[in-house]
Amino acid sequence: MSLAQCFLQTSMGGVKYLLRDDFSTADSAPLGTPRAAEPGPGSWTVVETDGNLSIASGAVTFPAQSSPAWGDQGIVSGAITRAAGVVLVVAINVTTWEEFGLGWHTAAAIVDPDSAQHALQLNAANGQIDDDSGTALHTGLSTGTNYKAAIVLRAAGAHYLVHDGTEWLLESIAASGTTATLYAMLSNLDGVVVCDYARVPDALWTPTPLASDSFNRANSSTLGNTDGAGAEESGGSGLVWTDIVGDCEIISNAFGTNGPGNDSATVDAGESDVVIQLDCNDRNLSAVFRGNGTSDDYWFGNLDSAGGMQIREVLSGTATTRASSSPGIASGAVTLLVIADDEDITFLVNGGNRLTYGLAAAYKTATCHGIRLGSSVPGVNNFSVWPRKPTTPGWM
């Protein structure tokens, strides 16, 4: 269904939908296929090869398969056209925390969420949600609790959000995946999951960056101000870059330095709980977070020249490693992502390499974030800072 078909859609509280199923009317197993969404619009192809779905008390239950295999149980919608800001929102309550996924697939089929274009998956580890590359995004969730998950499409990629029962949290950002026609999919392997609703509103929404810079401007001995173009979404312009170590410059449309290395600069994004993303042409750089605009006190997630990862705390100008790993990340273009949430820090490189630290009490209210370059002086061509707890529309 395309966005041009909005006039055919039903609404609730002024919100129209491309797809809406509240599973309102009880229906015993098996549901059969196809199934019209209620109250609509939209419909599902229902796959019940192993385990029959049923509806009761305003929710559909996905039972555990007797011989678990991806593709043997789930529901998939009709075609929906990609547009930046199209959101799939699913409300779930887990009885048995095993493998179950939801997201956007490139065909009207039930598959392993890792094979979908954009998906979230309940991991076999109790209380964990992974992304479509198998990287853990959220841990510590419980059975018998109401949660929501949302995947927000971008022109290229998606935003991944989880509502932990209290608030929406931005968990990750992907910049790849551009398939124009997608299908909302809920796929079960061996979990027991109750789904209250699955909805795709026609209202468009994306998180807004707090700070964003493409560095696409004339060479300069100073960085100047953020241009608001470091991400697909607009926002975060006009913030002043402040050097905290060395001399950072604009060189060939990138954040760079002519110095010996370890030069750093930050902007004040106004929030301390953030998601920081930056794209670089090689290893040996860091995402700086929770600084105070000076060289004395801050944190950084570091990717070293050998492909190792570290989370480091700088106190009075001296760095101490708080967590480290040696994944051997290859030389070449890399994307760094740091999630700072109270005392919990998650550092990701290229999506699949993950490092965490849970005792980051120092400077946890500091709001300056930025970039640190190593001695090999790579260049950064995109930088963005997002709110960890974005303001979301009421229909989410």
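Overview of the structure. Everything numeric here is computed off the predicted structure, so don't read it as measured data. (Residues numbered from 1 in each chain as written. Predicted model: local features only at pLDDT ≥ 70, side-chain atom pairs only at ≥ 80, totals over all residues. Heavy atoms only, no water.)

Some details on unusual backbone geometry
The phi torsion of most residues other than glycine is negative, and most of the peptide bonds are trans.
Okay, step 1: Of the consecutive residues Thr33 and Pro34, the connecting peptide bond is found in the cis state with omega at -5 degrees.
Okay, step 2: For Pro34, the position within the fold is in the loop between strand S2 (15-21) and strand S3 (35-36).
Okay, step 3: Pro39 follows Glu38 through a cis peptide bond whose omega is 10 degrees.
Okay, step 4: Positive phi, close to 50 degrees, is recorded for Ser316, a residue that is not glycine.
Okay, step 5: Position of Ser316 relative to the elements: it lies in the loop between strand S28 (309-315) and strand S29 (318-325).
Okay, step 6: One non-glycine residue with positive phi stands out, namely Asn350, at about 55 degrees. (Helix = DSSP H or I, 4+ residues; strand = E, 2+ residues; numbered from the N terminus.)

A short note on empty space enclosed by the protein
Okay, step 1: The full count for this structure, using the stated rule, is one cavity of 30 Å³ or more.
Okay, step 2: Lining the largest cavity, in full, are Ile92, Leu102, Leu120, Leu122, Ile129, Tyr147, Lys148 and Ala149.
Okay, step 3: Where the lining of the largest cavity is concerned, the elements lending two or more residues are strand S10 (118-122) and strand S13 (146-153).
Okay, step 4: A per-element tally of the lining of the largest cavity places S13 first, with three residues. (1 Å grid on protein atoms, 1.4 Å probe; cavity = no way out; pocket = protein on both sides within 12 Å on 5 of 7 lines; lining within 4 Å. Points joined across faces, edges and corners; volume = space filled by probe spheres on them.)

With respect to the environment of Val193
Okay, step 1: With respect to the helices and strands, the residue Val193 is situated in strand S17 (residues 192-201).
Okay, step 2: Residues Val193 and Ser264, spaced 71 residues apart in sequence, show a C-alpha to C-alpha distance of 47 Å.
Okay, step 3: In this structure, Val193 is in contact with Val60, Thr61, Phe62, Ile92, Asn93, Phe100 and Leu122, ignoring residues within four places of it in sequence. (Contact = heavy atoms within 4.5 Å.)

Details of the sheet that holds strand S26 (residues 285-291)
Okay, step 1: The sheet built from seven strands is open, its strands ordered S21-S24-S33-S26-S27-S28-S29 with antiparallel pairing. For this open sheet the edge positions go to strand S21 (242-245) and S29, each flanked by a neighbour on one side alone. Direction aside, neighbouring strands of the sheet carry axes that sit 25 degrees apart on average.
Okay, step 2: Pairing between S21 and strand S24 (residues 264-268): three bridges, direction antiparallel. Its bridge partner lying in S24, Asp243 is registered against Ala265. (Pairing = 2+ DSSP bridges. Axes fitted to C-alpha atoms, helices over the stretch in contact; angles between N-to-C directions.)

Focus on the layout of surface pockets
Okay, step 1: Roughly 480 Å³ of volume is contained in the largest pocket.
Okay, step 2: Considering the residues around the largest pocket, the lining is formed by 31 residues, among which Ile173, Ala174, Ala175, Gln277 and Thr335 are closest to the centre.
Okay, step 3: Elements represented by at least two residues in the lining of the largest pocket include exactly strand S15 (168-174), strand S25 (274-280), strand S30 (334-341) and strand S34 (380-387).
Okay, step 4: Residue classes in the lining of the largest pocket are distributed as twelve nonpolar, 14 polar and five charged.
Okay, step 5: Approximately 280 Å³ is the volume attributed to the second largest pocket.
Okay, step 6: Taken together, 13 residues make up the lining of the second largest pocket; nearest its centre are Leu137, Thr139, Asp344, Thr346 and Arg388.
Okay, step 7: Looking at the lining of the second largest pocket, the elements with two or more residues in it are strand S12 (136-138), S30, strand S31 (344-349) and strand S32 (353-357). (Nonpolar A, V, L, I, M, F, W, Y, C, P; charged D, E, K, R; others polar.)

Looking at the packing of aromatic side chains
Okay, step 1: A complete count under the given rule lists ten aromatic pairs for this structure.
Okay, step 2: Taken together, a centroid distance of 5.7 Å and an interplanar angle of 40 degrees make the contact between Phe215 and Trp241 tilted. Pair noted here: Phe215 is in the loop between strand S18 (211-213) and strand S19 (225-227) and Trp241 is in the loop between strand S20 (237-240) and S21, with a separation of 26 residues, a long-range link.
Okay, step 3: Judged by its relative accessible area of 8%, Trp241 falls in the buried class.
Okay, step 4: Ring centres 6.3 Å apart and planes at 15 degrees place the aromatic pair Phe289 and Trp299 in the stacked group. Here Phe289 is found in strand S26, whereas its partner Trp299 is found in strand S27 (residues 298-303), with ten residues between them in sequence.
Okay, step 5: Following the ring pairs from residue to residue traces out a cluster consisting of Phe215, Trp241, Phe255 and Phe383.
Okay, step 6: When the ring centre of Tyr17 is taken as origin, the NZ or CZ atom of Arg20, which lies over that ring, is 5.5 Å away.
Okay, step 7: Of note, Arg372 hangs over the ring of Phe300, and the distance from its end group to the ring centre comes to 4.4 Å. (Phe/Tyr/Trp six-rings, centres within 6.5 Å; stacked < 30°, edge-to-face > 60°. Buried < 20%, exposed > 50% of the residue type's maximum accessible area, 1.4 Å probe, protein only. Lys NZ or Arg CZ within 6 Å of the ring centre and 35° of its normal.)

Observations regarding the pattern of salt bridges
Okay, step 1: Applying the stated rule across the entire model yields 14 salt bridges.
Okay, step 2: Taking the shortest distance from any N to any O, the salt bridge between Asp227 and Arg217 comes out at 3.7 Å. Highlighted residues: Asp227 in strand S19 and Arg217 in the loop between S18 and S19, separated in sequence by ten residues.
Okay, step 3: Residue Asp227 is classed as partly exposed on the basis of its relative accessible area of 30%.
Okay, step 4: Relative accessible area serves as the criterion here: at 22%, Arg217 is assigned to the partly exposed category.
Okay, step 5: Put simply, Glu313 and Arg322 hold a salt bridge, and the shortest N to O gap is 2.9 Å. (Salt bridge = Lys/Arg side-chain N within 4 Å of Asp/Glu carboxyl O.)

Regarding the side chain of Asp50
Okay, step 1: Note on placement: Asp50 falls in the loop between strand S4 (43-48) and strand S5 (54-56).
Okay, step 2: Comment: no salt bridge for buried Asp50; closest opposite-charge side chain is Arg35, at 19 Å.
Okay, step 3: A distance of 3.0 Å separates a polar atom in the side chain of Asp50 from the backbone nitrogen of Ser66.
Okay, step 4: For Asp50, the contacting residues outside a window of four places in its chain are Gln65, Ser66, Ser67, Pro68, Asp72 and Gln73. (Lys, Arg positive; Asp, Glu negative; His and termini not counted. Polar contact = N/O pair within 3.5 Å; in protein donor to acceptor, adjacent residues only side chain to side chain.)

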